[in-house]
Amino acid sequence: MCRVQPRMLLGAAGSTRALSAAAEAARLEESPLPPIARSSQSAKSPSPVPTIDVAKFIAENFTAYQGDASFLATTTPRTQRLWSELEHLIHKEQEKGVLDVDPSKPSTITAFGPGYIDQALEKIVGLQTDAPLKRAIKPLGGINMVKAALEAYGYTPDPHVEELYTKVRKTHNSGVFDTYTAEMRAARKASLLTGLPDGYGRGRIIGDYRRVALYGVDALIADKKKDLKHNLVGVMDEERIRLREEVSDQIRALNELKQMAASYGHDVSKPAQSAQEAVQWLYYGYLGAVKEQDGAAMSMGRIDAFLDIFFERDLAANRITEAEAQELIDDFVIKLRIVRQGPVSAVDVTLAAACNKILILQTLYNLGPAPEPNLTVLWTANHPQGFKEFCARVSLDTSSIQYENDAMMSKLFGSDYGIACCVSAMNIGKDMQFFGARANLPKLLLYVMNE
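Residues numbered from 1 in each chain as written. Predicted model: local features only at pLDDT ≥ 70, side-chain atom pairs only at ≥ 80, totals over all residues. Heavy atoms only, no water.

Per an unreviewed UniProt entry, the recorded name for the protein chain is PFL domain-containing protein, and the organism is Haematococcus lacustris.

Rendered as structure tokens:
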């Protein structure tokens, strides 16, 4: 059966070690900002090799905010101009259904050159294609679905692409159909079963995109190579062969991520050195994923406390103001609002800590309410009163926040988890969920009664 695996999951297989301590120390000495403890020593290794562990980095560097929301900034004229330009395009998209699409170019991390809404205004850059709201095709999921979508909006499928993904390259959809029994196909055709893996096989993914900002892509590649050299060796059974192939594919994808970021003038091979770079590097990781992976649920995960560490450091060093910090988050959320993945896009951002992450909630005022990104607050009675009051006010004013019981969920998933597809909790960068079929039981009952 054809298995679709995420190339940009940014997870680890076995050992997860990053740069040498000497190289890390040298890099931090070059930074004019106070250093951040990016990683901890491996308990199993006598050598000073830091371990990739984002959750521990947050625990060692994050300080909870106990104040209220009085520090929050409204939109700047720059943000208002940028958002106004994009709103005009969004209205045109709503009129047409699809603003633009390139039927001849299957989407990959590097398939399209750089694109901008308004380059002179943007503080966080990067689009799925080379123009805002322009869509891309992803025929690896299924060429018939691509054809149907293009024709529904008046576009003509490219005959070369159709031939390539029909005769040369097998798609996920074709692979799944090859496994269906006659009974399964009959139930699918009669709509007794929906949500089957031929259309939803990609499932739900939350990649740990924070690792791009925290360690830099070169460290992640080095970690993957160590897996290939030390961990994924021995008896070459089916599972190990598959993992070696997938890790090799991940290394190629990470190199493509560096190439994509370089087209925008950024070097993500090294860790982020400022709050702006932290937001930008993290977004690049997510952008690489949504450029290549298809499906409705491509969630960002939990990023609040992580970004807060970089913001607090820059604010303390007078590198940015509160208004400039809000601008970065406004730009970031603008980019998330124009992610397009099929007819519905679920871009989930999970918020849990009382910190500058309320900058993300403030975007519901600065940019107006919106269904995406879907903002989930992991609620606990231990949240500071000021944060509780701000959440309550935003909920009443915008109806755009959902809540999950953190006291219940943290017992199952620990402290570093996020929400995918609005409802499903997953460990960041470690879990993947496959959709299950939905059974139309009333229709089945009618069939039985009328047999």
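Right, let's get into empty space enclosed by the protein. In the structure shown here, the tally under the stated rule is 6 cavities of 30 Å³ or more. Leu127, Gln128, Leu133, Ile338 and Val339 are, among the 13 residues lining the largest cavity, the residues nearest its centre. (1 Å grid on protein atoms, 1.4 Å probe; cavity = no way out; pocket = protein on both sides within 12 Å on 5 of 7 lines; lining within 4 Å. Points joined across faces, edges and corners; volume = space filled by probe spheres on them.)

Turning our attention to the sheet that holds strand β7 (residues 301-302). The pairing of strands in a sheet happens through backbone hydrogen bonds and is either parallel or antiparallel. As summarised here, the arrangement of the 4 strands in space is β7-β8-β9-β10, forming an open sheet in which the pairing is parallel. What marks the edges here is a single partner per strand, and that holds for β7 and β10 (401-405). Contacts from helix α16 (residues 385-398) reach β9 (374-379) and β10, with the element oriented near 135 degrees to β10. Contacting β9 and β10, helix α17 (residues 406-413) crosses the sheet at an angle of about 60 degrees to β10. (Pairing = 2+ DSSP bridges. Helix = DSSP H or I, 4+ residues; strand = E, 2+ residues; numbered from the N terminus. Contact = heavy atoms within 4.5 Å. Axes fitted to C-alpha atoms, helices over the stretch in contact; angles between N-to-C directions.)

A few words now on the packing of aromatic side chains. Counted under the stated rule, the structure contains 13 aromatic pairs. Each ring, one from Tyr116 and one from Tyr264, has its centre 5.5 Å from the other, and the planes form 75 degrees; the classification is edge-to-face. One end of the pair, Tyr116, is in the loop between β3 (100-106) and β4 (134-137); the other, Tyr264, is in the loop between α11 (238-263) and α12 (275-292), and 148 residues separate them in sequence. Tyr116 sits in the partly exposed class, given a relative accessible area of 22%. Put simply, the rings of Tyr116, Tyr264, Trp281 and Tyr284 touch in pairs and so form one group of aromatic residues. Sitting above the plane of the Phe112 ring, Lys105 keeps its charged end 4.8 Å from the centroid. (Phe/Tyr/Trp six-rings, centres within 6.5 Å; stacked < 30°, edge-to-face > 60°. Buried < 20%, exposed > 50% of the residue type's maximum accessible area, 1.4 Å probe, protein only. Lys NZ or Arg CZ within 6 Å of the ring centre and 35° of its normal.)

Our focus in this paragraph is the pairing of strand β11 (residues 417-420). A two-sided burial pattern is seen for β11, the buried positions comprising Tyr417 and Ile419 on one face and Gly418 and Ala420 on the other. Across 4 bridges, the pairing between β11 and strand β12 (residues 424-427) is antiparallel. Of the residues in β12, the one forming a bridge with Tyr417 is Asn427. Where β11 hands over to β12, the hairpin turn is made up of 3 residues, of which Cys421 adopts a positive phi near 55 degrees.

Time to look at the nonpolar core. Considering soluble globular proteins, one finds that nonpolar side chains tend to be buried as a cluster. One finds Tyr284, Tyr286, Met300, Phe306, Leu307, Phe311 and Leu361 to be the most contacted residues of the largest nonpolar core, which totals 89 residues. When residues in this core are grouped by element, the largest group, 11 residues, is from α12. Among the nonpolar cores identified, the runner-up in size contains 9 residues, and Val101, Leu150, Tyr155 and Val161 belong to it. (Core = buried A, V, L, I, M, F, W, Y, C linked by side-chain atoms within 4.5 Å.)

Here the focus is unusual backbone geometry. In this structure, Pro373 follows Glu372 across a cis peptide bond, with omega equal to 0 degrees. Its identity is not glycine, yet Ser191 carries a phi of approximately 65 degrees, on the positive side. The topology assignment puts Ser191 in the loop between α7 (182-189) and β5 (193-194). Here Ser191 falls in the partly exposed class, since its relative accessible area comes to 33%. Phi angles above zero are rare outside glycine, and Ser399 is one such case at about 50 degrees. Tracing the chain through its elements places Ser399 in the loop between α16 and β10.

Enumeration over the complete set of coordinates arrives at 17 salt bridges. Linking Lys123 and Glu327 is a salt bridge whose minimum nitrogen-to-oxygen distance equals 3.8 Å. Separated by 204 residues along the polypeptide, Lys123 in the loop between β3 and β4 and Glu327 in helix α14 (residues 322-337) bring together distant segments of the chain. Residue classification places Lys123 among the partly exposed residues on the basis of a relative accessible area of 28%. Salt-bridge contacts for Asp208 lead to Arg211; the nearest nitrogen and oxygen are separated by 3.1 Å. According to the relative accessible area criterion, Asp208 is buried, its value standing at 2%. (Salt bridge = Lys/Arg side-chain N within 4 Å of Asp/Glu carboxyl O.)

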